[in-house]
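# Examination of the molecular architecture
The chain contents come next:
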Amino acid sequence: MAVKPLLTKDFATENLAQLKVYERTGGYGGFKKALEMQPDDLVELVKKSGLRGRGGAGFPTGNKWSFLPKGVYPRYLVCNADESEPGCFKDRYLIENSPHQVLEGILIASYAIGCNLAFIYIRGEYLPQHDALETAIAEARQAGYIGKNVLGKGYDVDVILHRGAGAYICGEETALLTSLEGYRGEPRLKPPFPAIKGLYGKPTVVNNVETVSNLPHIVLNGADWFKAIGTPTGPGTRLWCMSGHVNRPGNYEMENGTPIRELIEEHGGGVWKNRKLKAFQPGGASMMVLLPEHLDVGLDFDAIAKAGSLAGAGAMVVMDETTCMVDAARRYVKFFHHESCGKCTPCREGTFWMANIFDAMEAGEAKPADIDLLLDIGYSIDGRSFCPLGDASTWFPRSVIKFFRDEFQQHISEKGCPFKKSVEEAVA
Amino acid sequence: MLAKSTVTQIKDLAQRYPSKQSAIIPALWAVQHEQGFVGKEAMAEIAGHLGLPSSLIEATASFYSMFLTKPEGRHDVVICVNAPCMLRGADEMAAYLQRALGVRDGQTTSDGAITWHSTIECLGACGGAPMMQVDHRFEENLTEERIDTIIERLRQPVPAGRASGAPAAEPPKRKPAAPKRARSEN
Ligand SMILES: Cc1cc2nc3c(=O)[nH]c(=O)nc-3n(C[C@H](O)[C@H](O)[C@H](O)COP(=O)(O)O)c2cc1C
Ligand code: SF4
Ligand code: FES
């Protein structure tokens, strides 16, 4: 197991974003093949492949598709390109390099579930990526992949590209649908799940950019081929967005199950400045911190969960020995406070109080009781929030208190950040 | 008053979606693209063209952080200081930029060239941290020298034919960025 270019295998090809070039690499072959199949067989194929959603939760894609109630139309496919989880930048990379691969995946999924109108919801800040998709959609329409009676197969499909406007919560699927309907992007109660009552009250599938990008390859090569890559419960590859204190940050597509050590040490070139690894965080801002002793854990949903964190949306934030863990947690807590939509009290108030305490830690004004107070606030948010944003706001800070409680104590006893001081002393 | 082309765009949008309400956010974008911000009057106009109450347009617009409510400098800059960027020195870059511009949060330089909004949350460029966003274009792997170069470029006088105060947040449509060839560089 190692680097395994599957979605990224043609990214070295010049002008891959252009339809003609994409077709030359075999592009749209998956969609053509799909159109020869019965939609139900396509759903079965994806089920059998074991593909799991890459948007964060890892839900089996084929199963999600099969939840749509029989005979209820219209139904919608929405591709989630809202990518706003701090630490994640893979969907951006996939769109920039191969917008047609994303589009082909969307068309395959739409055909499989019987959808004639698909949407792409892209975060507002991704303007060049929006434009790349817009161009790709126009090219695909011209070539007859989008429109009425696609490739003479009697299937009609259209794709609307919809631009968000700066709200992290709109990545959560029910908030996304509310936003797409033109309202303030607040989450909705589940159930009913979007598969039953989604966009405009109709059956809807929400799938991530990376998830759909896998589909052309699965259709072309088959379920068994896909299952042979990765781990039994996590077939395929994932793009890992490596950032922080490594020599070579960036996106790396790795076969699932590859040890984290290989990603960080070999591909990332190890920790920068010849420093030691202190901690790392898979998944994104929400996920719990892991330690050097976890380096041999595999890059895989289940393995990372077993180690005490979550693979989430494929971030890998690396922190060296000079990192102030309190400050890292403070950034994330402030992020969640800022992005809390305000709909429910535990999250709206809880993230506010956590942010205040973290600011006090940083300013040297925290009291010894504040560490346990943070934990208490965490418990009263987690499991009591309306949507997972609230829950997730507590995971990283609580894990940091668990492993680095002494750093919190130091902030209190030394009235400020011990790491900043040591940097200043080193400079002076 | 909105330009004719913007009005046409809004009316087309209303037809495009299964529900005209879905056209609100794209319509707000169209207005910001034309005017550089979305004021109360423009929202009332959107409401008129979509046949929806003004209050609904305002409620939606106020939820989203990217819609500007007042005109700003010709260029708009922010720096991300979320944890992945912080690890690579984003705080120092943000401090340097503010010193170089001589402004505080939300202020525009006296020549009207650059508005420094504030520090901002993750923009999906953590692999190129520290980063700054200039009018929706990402500038990655920042150094103090690069910041100097960028500021100098932004301070260039307005090219003839472009009124000052014209769109800052919405630059003219660009061709999509050429795909990166490197295996891992984002
Ligand atoms: C707060 C929050 C933010 C989310 N942001 C995103 C996002 O930016 N992109 C994404 O694909 N999924 C995001 N998700 C997950 C979506 O709700 C949904 O599960 C996913 O898009 C489903 O696609 P998949 O099955 O292909 O993974 C987010 C979830 C939560 C709770
Ligand atoms: S948990 Fe937070 S983001 Fe989710 S509904 Fe409640 S306030 Fe909104
Ligand atoms: S944390 Fe700064 S761009 Fe992601």
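I will try to describe carefully the structure that is included in this document. (Residues numbered from 1 in each chain as written. Chains lettered and ligands numbered in written order. Predicted model: local features only at pLDDT ≥ 70, side-chain atom pairs only at ≥ 80, totals over all residues. Heavy atoms only, no water.)

## Describing the side chain of S340(A)
Residues and elements named next belong to chain A. Its place among the elements puts S340 in the loop between α13 (325-339) and α14 (345-363). S340 gets classed as buried once you look at its relative accessible area, which sits at 15%. Aside from chain neighbours lying at most four places away, what touches S340 is C347, R348, T351 and L389. (Helix = DSSP H or I, 4+ residues; strand = E, 2+ residues; numbered from the N terminus. Buried < 20%, exposed > 50% of the residue type's maximum accessible area, 1.4 Å probe, protein only. Contact = heavy atoms within 4.5 Å.)

## Describing the site of ligand 1
Residue and element names in this part refer to chain A. Close contacts around ligand 1 come from 18 residues, with G55, K64, E173, N208 and T211 the closest. Measuring from an oxygen atom of ligand 1, one finds a backbone N or O atom of G55 at 2.8 Å. One of the side-chain nitrogen or oxygen atoms of N207 is found 3.1 Å away from an oxygen atom of ligand 1. Computed on the free molecule, ligand 1 has an accessible area of 610 Å², of which 88% lies beneath the protein chains in the complex. Of all the secondary-structure elements, those providing two or more residues to the shell around ligand 1 are β4 (204-208) and α16 (388-393). (Near = heavy atom within 4 Å. Polar contact = N/O pair within 3.5 Å; in protein donor to acceptor, adjacent residues only side chain to side chain. Areas by Shrake-Rupley, 256 points an atom, 1.4 Å probe, with all protein chains shown as cover.)

## Considerations on the pairing of strand β1 (residues 75-80) of chain B
Residue and element names in this part refer to chain B. By the criterion of burial, β1 is predominantly enclosed, with six of the six residues buried. Burial along β1 is two-sided: the residues H75, V77 and I79 and D76, V78 and C80 are all buried. Alignment of β1 against strand β3 (residues 114-120), held across five bridges, turns out to be parallel. For H75, the partnering residue across the bridge sits in β3 and is I114. Sheet topology note: the β1/strand β4 (residues 132-134) ladder contains three bridges and is antiparallel. Residue pairing in the sheet places I79 in a bridge with M132 of β4. (Pairing = 2+ DSSP bridges.)

## Some words on the interface of chain B and chain A
The parts lose accessible area when they come together, and the size of an interface is often stated as this lost area. Counting residues at the interface gives 50 residues for chain B, matched by 75 residues for chain A. For the pair chain B and chain A, the summed buried area comes to about 5000 Å², and 55% of that belongs to carbon and sulfur atoms. A per-residue breakdown of the area chain B buries against chain A is headed by F63(B), L87(B) and R88(B), which together make up 14% of the total. Linking chain B with chain A are three salt bridges. Joining chain B to chain A, the criterion identifies 24 residue pairs in polar contact (both at pLDDT 80 or more). Residue assignment for the side of chain B that touches chain A shows that the elements contributing at least two residues are α2 (24-35), α4 (54-63) and α5 (83-86) of chain B. Its residues assigned to classes, the side of chain B that touches chain A shows 25 nonpolar, 13 polar and twelve charged. (Buried area = accessible area lost by both parts, 1.4 Å probe. Salt bridge = Lys/Arg side-chain N within 4 Å of Asp/Glu carboxyl O. Nonpolar A, V, L, I, M, F, W, Y, C, P; charged D, E, K, R; others polar.)

## Some points on the packing of helix α6 (residues 99-113) of chain A against helix α7 (residues 127-142) of chain A
Residue and element names in this part refer to chain A. The interhelical angle for the contact between α6 and α7, taken along N-to-C directions, is 60°, at an axis separation of 9 Å. When the interaxial angle is binned, α6 and α7 end up oblique. Like other packed secondary-structure pairs, α6 and α7 cross with a definite hand, here right-handed. Here P99, H100 and L103 of α6 come into contact with α7, specifically with A132, L133, A136, I137, E139 and A140. Within the contact of α6 with α7, the residues separate by chemical class into seven nonpolar, one polar and one charged. (Axes fitted to C-alpha atoms, helices over the stretch in contact; angles between N-to-C directions. Parallel < 35°, antiparallel > 145°, perpendicular 65-115°, else oblique. Left-handed = near helix turned anticlockwise from the far one by under 90°.)

## Notes on the environment of T149(B)
Residue and element names in this part refer to chain B. Residue position: T149 is located in helix α7 (residues 144-154). For the pair formed by T149 and H49, sequence separation is 100 residues and the distance between their alpha carbons is 44 Å. A distance of 2.9 Å separates a polar atom in the side chain of T149 from the backbone oxygen of E145.

## Focus: the sheet that holds strand β8 (residues 250-255) of chain A
Residue and element names in this part refer to chain A. Taken together, the four strands give an open sheet; going across it, the order is β8-β7-β10-β9, and neighbouring strands pair in mixed fashion. In this open sheet, the two edge strands, each paired with only one partner strand, are β8 and β9 (277-282). Within the sheet, the average angular offset between the axes of one strand and its neighbour, ignoring direction, is 25°. The pairing of strand β7 (residues 237-244) with strand β10 (residues 315-320) spans four bridges and is classified as parallel.

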